[in-house]
Amino acid sequence: MKKIQTQGVHHITMIGADRQTSIDFWEGVMGMPFIFEQPNLDVPAESHLYFDPGDGRLITVFTNENRKPDASRNPEGIGNLHHLAFSVSRATYTQIVKRLDERGISHTGFVDRGFMDSIYFRDPLGQLIECACYKFEPPSGTTHAQVLFEAHKLRVARGDHHIADEHLADAIELLLQRQQGTLSTDTTPKDPYTEKPPVWD
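Asker: Tell me about the sheet that holds strand 5 (residues 84–87), residues and numbers included.
Answerer: Strand order in the open sheet formed by four strands is 5-8-7-6, with mixed pairing between adjacent strands. Each end of this open sheet is capped by a strand with a single partner; those strands are strand 5 and strand 6 (111–112). Relative to strand 8 (residues 128–134), strand 7 (residues 116–122) runs antiparallel, the two sharing seven bridges. Within the sheet, the bridge partner assigned to Phe121 lies in strand 8 and is Ile129.

In structure tokens:
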């Protein structure tokens, strides 16, 4: 047997209500450009809307003008989708509470997840949405997933509860050491101060 090897998320498709509700949320709240629309090729009575979440991949929605928005929470049973998480910059993250409050949209407020910061709220159809902001940038040529993989190994080896800044910083250092050579024969940490610098004021 051989694996089916994935290379990223291609698209995520939601069951929507009417067309305008989807446009107003995904583009009007989340800022995702509405890039094209065509009939749902499996259900001719439905339309299929496509939005760009910011990385050129796709969020798509099946809409039908006979369906009305229902804000009831989506079920959280086994096999059901729990939430969708979207990446945002730090600058945007700091503005989300204000921008949701301006619309009267209930939310969790800022939540510290150790390796990222998050805020949660529901779309008009009851789906839980997360806006997430990593606390770190991966070294050039590596990914967030590679940093988290190394940070996980460090966390487990140290017996710590969850990934924190220390694990991330050490993982980034480790990845940089692996990918970049040096002319130095001793790369251990050093203290170059023969005299301690004055206290910062």
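Asker: Outline helix 3 (residues 96–103), listing residues and values.
Answerer: Those residues of helix 3 that fall on the buried side of the exposure criterion are Ile96, Val97 and Leu100. Viewed along the axis of helix 3, the buried residues span an arc of 95°, placing them on a single side of the element. Counted as exposed and oriented over 90 degrees from the buried face of helix 3: Lys98 and Glu102. Buried residues belonging to helix 3 abut helix 2 (90–93), strand 7 and strand 8. The positive-phi residue at the C-terminal boundary of helix 3 is Gly104, with phi of around 75°.

Asker: Which residues make up the side chain of Thr142, and what are the values?
Answerer: Inspection of the secondary structure puts Thr142 in the loop between strand 8 and helix 4 (144–158). Within the structure, Thr142 has its side chain in polar contact with the backbone oxygen of Pro139 (distance 2.6 Å).

Asker: Go over the sheet that holds strand 2 (residues 34–39), please, and point to the residues and values.
Answerer: Strand pairs in the sheet, formed through backbone hydrogen bonds, run parallel or antiparallel to each other. In spatial order, the strands read 1-4-3-2; together these four strands make up an open sheet with mixed pairing. With one partner strand each, in any of the chains shown, strand 1 (11–15) and strand 2 form the two edges of the open sheet. Pairwise comparison of adjacent strand axes, ignoring direction, gives a mean angle of 20° for this sheet. As judged from the five bridges shared by strand 1 and strand 4 (residues 58–63), these two strands associate in the parallel manner. By the bridge assignment for strand 4, Ile12 is matched with Ile59. The strands touched by helix 1 (residues 19–26) are strand 1, strand 2, strand 3 (47–51) and strand 4; relative to strand 3, the strand with the most contacts, the crossing angle is about 5°.

Basis of the calculations
- Residues numbered from 1 in each chain as written.
- Predicted model: local features only at pLDDT ≥ 70, side-chain atom pairs only at ≥ 80, totals over all residues.
- Heavy atoms only, no water.
- Pairing = 2+ DSSP bridges.
- Helix = DSSP H or I, 4+ residues; strand = E, 2+ residues; numbered from the N terminus.
- Buried < 20%, exposed > 50% of the residue type's maximum accessible area, 1.4 Å probe, protein only.
- Arc of directions from axis to C-beta.
- Contact = heavy atoms within 4.5 Å.
- Polar contact = N/O pair within 3.5 Å; in protein donor to acceptor, adjacent residues only side chain to side chain.
- Axes fitted to C-alpha atoms, helices over the stretch in contact; angles between N-to-C directions.

So yeah, pure geometry; function would need other evidence.
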